Amino acid sequence: VQLQASGGGLVQAGGSLRLSCAASGRTFSRYAMGWFRQAPGKEREFVAVINWSGGSTVYADSVKGRFTISRDNAENTVYLQMNSLKPEDTAIYYCAAALAVRVMRETYGYWGQGTLVTVSS
């Protein structure tokens, strides 16, 4: 599966953005879909994951209550709605696909190219 992330940009603290990740291929609904992020000088970290049906989600503690992951299998797209953004959310955001709900990046076999989110204070 090929993934294409979009929707990043510059936003003020407290603002919102919605990221999208479009997948190619007919097998999108087989995969759990995750979002990760990587800030300058830091390792890539888990943000959120959603199972194949959309019925189960897991979030990093740092984004819980502010971010929402969702998916539309008919459109082969996964979303990350980000509200109440903070400067520490600034990072390149990546979408990824795995065969099961996982939080470790090593378990994801497919990655998008990333989209930059910058939150100004």
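Everything that follows concerns the structure shown earlier in this document.
Model, not experiment: these values are computed from the prediction.

1. Section: the nonpolar core
Move 1: Grouped together as the largest cluster of nonpolar side chains are 36 residues, with contacts concentrated most on Met33, Trp35, Leu80, Met82 and Tyr93.
Move 2: Broken down by secondary-structure element, the contributors of at least two residues to this core are strand 1 (3-6), strand 3 (17-23), strand 4 (32-38), strand 5 (45-50), strand 7 (67-72), strand 8 (77-82), strand 9 (91-98) and strand 11 (115-120).
Move 3: Looking at this core, the element that brings in the most residues is strand 9, giving six residues.
Move 4: With near-sequence residues (within four places) excluded, methionine 82 lies in contact with Gly15, Ser16, Leu17, Leu19, Arg66, Phe67, Tyr93 and Val117.

2. Description of the side chain of arginine 37
Move 1: Along the chain, arginine 37 turns up in strand 4.
Move 2: With relative accessibility at 6%, the residue arginine 37 sits in the buried group.
Move 3: Within the local environment of arginine 37, its side chain forms a polar contact with the side chain of glutamate 45, the two groups lying 2.7 Å apart.
Move 4: In terms of polar contacts, arginine 37 uses its side chain to reach the side chain of aspartate 89, at 2.9 Å.

3. Focus on the environment of valine 63
Move 1: Mapped onto the fold, valine 63 is located in the loop between strand 6 (57-59) and strand 7.
Move 2: Of the residues examined, valine 63 reaches a relative accessible area of 0% and is grouped as buried.
Move 3: A C-alpha to C-alpha distance of 9.2 Å links valine 63 and leucine 85, two positions 22 residues apart in sequence.
Move 4: Not counting residues up to four positions away in its chain, the partners in contact with valine 63 are Arg37 and Val47.

Cut-offs and rules
Residues numbered from 1 in each chain as written. Predicted model: local features only at pLDDT ≥ 70, side-chain atom pairs only at ≥ 80, totals over all residues. Heavy atoms only, no water. Core = buried A, V, L, I, M, F, W, Y, C linked by side-chain atoms within 4.5 Å. Buried < 20%, exposed > 50% of the residue type's maximum accessible area, 1.4 Å probe, protein only. Helix = DSSP H or I, 4+ residues; strand = E, 2+ residues; numbered from the N terminus. Contact = heavy atoms within 4.5 Å. Polar contact = N/O pair within 3.5 Å; in protein donor to acceptor, adjacent residues only side chain to side chain.

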